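If you want the building blocks of each chain, they are given just below.
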Amino acid sequence: MPLCVYDKHTKQNEFDGCGLGIIKPKVFKTSETENGDYSVQIEYPINDTDRMWTYLSPYAIVKNSEGQLFQIHTCGTEMSSSGAVWKAQANHISYYLADKLVEGCVYSKIDCRDALNRIWEHTIVHSGDSPSPSMTEYNFIFDSDRVSREQRDINFTGINPLYAILGAENSILNLYGGSIYRDNFYISVFEKKQYSKDNAFEIVHGINMTSITERLSVKDVITGFIAGNNFGIGFSTFNRTSDIAPHECIRRLKFSYSEDYGMDQLSKDAYSYRDAHLNLDASYTVRFRELKNDPKYSDWAKLQRYRVGDRGWIKSERLGIKVYVTIVSRVLNDITGEVEEITLGTLMPNLWRNDRFSLSRDSADGRRLEAIEKLRLNNMFKWEE
């Protein structure tokens, strides 16, 4: 699919064509993270023969190689000895929701699909009874497979709908769990990302894997918290020792409910949040080469799919491992059509650590392994020994 640019006032039903035209940038990369960032980076040489870069202005909309729309939020010129380049950054069109406001969205005991639609019903899209003729607004459709599975309270006022779904402490994803799927003006929250696939890929050491990098992060670690709700109920708990942090990491947590359910519900939600942030966040970034143009592997490569939410295998005969993992982020080169980089799910054991079965349960690494084992039981990933 060609890379295209559209005017900022393009209507929702006018994205089938090429808009202002096809663009041929030097760099066009799409980055997507599960339940997080979804954006593109563009670099376009500035010259007199191809002036399509002039259309890459604030709020202009671009279409990537997969047909997804992104709206430019930052752009400008970079000068160097090699010449001038126009650089632009754009967020997925779903970030349009971040410019809107949710008011008075308070409901008791509703499921995830109903909650998503209630948020949209209570979103102030435009002032007045109808949109201004000089402004361009969009409509979104929401869905979920988490229907009647878990009834929760929602209370959203004074925040934007995207934050209500993704970011708030009592966000839809925190309340109901699941994974968000974004397809332009359609958004869903499913237990497993909608349309994701099992056995979608094999990344084999020595064939298509070029490197793997482990990243450990402590940015979300907490040891204690002060929790409260909108009915004035609160409590605190602190761990004065930690296997990971050398000092106490304390957060304030605020939960909102439509009814006063007392300490039991607050305690359940607060401890669930705490338990999810007790350990290091470990992720594994794999760089590899796609083999679809290599005759030797052409048949095998046709079966490979690398999309966020897909599940597949990492294999290394030399290291003696075969691990089933989920892709939680990826970088797509929209010019070549190749996926350049993927990041695997959190808290996966170090792939090259051979002592993972000999750790003492009383050691810090042993306790980390024990936490990992619990995740294995929840099918976050699974080992094949």
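Anything mentioned here points back to the structure above.
Residues numbered from 1 in each chain as written. Predicted model: local features only at pLDDT ≥ 70, side-chain atom pairs only at ≥ 80, totals over all residues. Heavy atoms only, no water.

Looking at this structure, how should I read a nonpolar patch on the surface?
Nonpolar side chains collect at one region of the surface, where Ile226, Phe238 and Ile250 lie side by side and expose about 230 Å² of accessible area between them. Along the polypeptide, Phe238 turns up in strand β18 (residues 234–238). Overall, the relative accessible area of 38% leaves Phe238 in the partly exposed class. (Patch = residues over 30% accessible without salt bridge, like charges linked within 9 Å, V, L, I, M, F, W, Y side chains within 5 Å. Areas by Shrake-Rupley, 256 points an atom, 1.4 Å probe, with all protein chains shown as cover. Salt bridge = Lys/Arg side-chain N within 4 Å of Asp/Glu carboxyl O. Helix = DSSP H or I, 4+ residues; strand = E, 2+ residues; numbered from the N terminus. Buried < 20%, exposed > 50% of the residue type's maximum accessible area, 1.4 Å probe, protein only.)

Help me out: how do you make sense of the sheet that holds strand β19 (residues 250–255) in this one?
Sheets are built from strands that pair by backbone hydrogen bonding, the pairs being arranged parallel or antiparallel. Pairing is mixed in the open sheet, where 3 strands are placed in the order β18-β17-β19. Edge positions in the open sheet fall to β18 and β19, since each of these has one partner strand only. Strand-to-strand twist across the sheet, computed as the mean angle between neighbouring axes with direction ignored, equals 15°. Note: strand β17 (residues 224–229) against β18, 5 bridges, orientation antiparallel. In the sheet register, Gly224 faces β18, and the bridge partner there is Phe238. (Pairing = 2+ DSSP bridges. Axes fitted to C-alpha atoms, helices over the stretch in contact; angles between N-to-C directions.)

Please clarify how helix α1 (residues 112–121) should be interpreted in this entry.
Think of an α-helix as 3.6 residues a turn; residues three or four steps apart then line up on the same face. Taken together, the buried positions of α1 are occupied by Cys112, Ala115, Leu116, Ile119 and Trp120. Along the axis of α1, the buried positions cluster into a sector of 135°, meaning they face one direction only. For α1, the side-chain oxygen to backbone nitrogen distance between the N-cap and Arg113 is 3.3 Å, and the N-cap itself is Asp111. (Arc of directions from axis to C-beta. Polar contact = N/O pair within 3.5 Å; in protein donor to acceptor, adjacent residues only side chain to side chain.)

Just checking my understanding: could you explain the nonpolar core for this structure?
The tendency in soluble globular proteins is for nonpolar side chains to be buried side by side. In terms of nonpolar packing, the biggest core is built from 34 residues, with Phe140, Ile154 and Ile172 touching the most fellow members. Elements supplying a minimum of two residues to this core: β1 (4–6), β9 (105–110), α1, β12 (152–156), α2 (161–166), α3 (172–176) and β14 (186–190). Counting residues per element, this core draws most heavily on α1, which supplies 5 residues. In terms of nonpolar packing, the next biggest core, distinct from the first, is built from 18 residues, Phe28, Ile42, Ile72 and Ala88 among them. (Core = buried A, V, L, I, M, F, W, Y, C linked by side-chain atoms within 4.5 Å.)

Would you mind going over the environment of Cys4 with me for this structure?
Relative to the helices and strands, Cys4 is located in strand β1. For Cys4, a relative accessible area of 2% puts it in the buried group. Residues contacting Cys4, with those up to four places away along its chain left out, are Cys18, Gly21, Ile22, Ile23, Ile61, Val62 and Lys63. (Contact = heavy atoms within 4.5 Å.)

What is the right way to look at the pattern of salt bridges in this model?
A side chain with one charge may pair with a side chain of the opposite charge, provided their charged atoms come close. Under the definition given, this model contains 13 salt bridges. Residue Lys193 is joined to Glu32 by a salt bridge in which the shortest nitrogen-to-oxygen separation is 2.7 Å. Of this pair, Lys193 sits in the loop between β14 and β15 (202–204) while Glu32 sits in strand β3 (residues 27–33), and the two are 161 residues apart along the sequence. For Lys193, a relative accessible area of 9% translates into the label buried. For Glu32, a relative accessible area of 9% translates into the label buried. The network of salt bridges with common partners includes Glu43, Glu78 and Lys87.

Just checking my understanding: could you explain the packing of aromatic side chains for this structure?
Where two aromatic rings form a pair, the distance of their centres and the angle of their planes describe that pair. A full pass over the atoms with the stated rule returns 19 aromatic pairs. Geometrically, the ring pair formed by Phe225 and Tyr271 is edge-to-face, given 5.6 Å between the ring centres and 75° between the ring planes. One end of the pair, Phe225, is in strand β17; the other, Tyr271, is in helix α4 (residues 262–275), with 46 residues separating them in the sequence. Overall, the relative accessible area of 0% leaves Phe225 in the buried class. Residue class for Tyr271 comes out partly exposed when judged on its relative accessible area of 28%. These aromatic residues form a ring-pair network of at least three members: Tyr6, Phe15, Tyr96, Trp120, Tyr138, Phe140, Phe142 and Phe185. (Phe/Tyr/Trp six-rings, centres within 6.5 Å; stacked < 30°, edge-to-face > 60°.)

For this particular structure, what's the right way to read the sheet that holds β14?
On the basis of which strands lie adjacent, the open sheet formed by 3 strands has the order β11-β14-β13 and mixed pairing. Looking at the sheet topology across the chains shown, the edges are occupied by β11 (141–144) and β13 (179–183). Strand after strand, the sheet turns through a mean of 15° between neighbouring axes, direction not considered. Note: β13 against β14, 5 bridges, orientation antiparallel. Residue pairing for β14: Arg182 is matched across the bridge by Ile187.

Before we go on, may I ask you to explain empty space enclosed by the protein in this structure?
Vacant regions in the atomic arrangement are exposed by a probe of water-molecule size rolled over the atoms. Here the structure, examined in full by the defined rule, presents 3 cavities of 30 Å³ or more. In this structure, the second largest cavity encloses a volume near 90 Å³. What lines the second largest cavity is Lys109, Gln151, Arg152, Asp153, Asn170, Leu175, Phe255, Ser256, Tyr257, Tyr261, Gln265 and Asp269. For the lining of the second largest cavity, the elements supplying multiple residues, two or more each, are β12 and α4. Grouping the amino acids of the lining of the second largest cavity by side-chain chemistry returns 4 nonpolar, 4 polar and 4 charged. (1 Å grid on protein atoms, 1.4 Å probe; cavity = no way out; pocket = protein on both sides within 12 Å on 5 of 7 lines; lining within 4 Å. Points joined across faces, edges and corners; volume = space filled by probe spheres on them. Nonpolar A, V, L, I, M, F, W, Y, C, P; charged D, E, K, R; others polar.)

Looking at this structure, how should I read unusual backbone geometry?
Note: most residues except glycine have negative phi, and most peptide bonds are trans. Residue Asn35 is not a glycine yet carries a positive backbone phi of 55°. The residue Asn35 is located in the loop between β3 and β4 (38–45) in this model. Judged by relative accessible area, which is 27%, Asn35 ranks as partly exposed. With a phi angle near 50°, Asn199 is a residue other than glycine that sits in the positive phi range. Among the secondary structure elements, Asn199 is positioned in the loop between β14 and β15.

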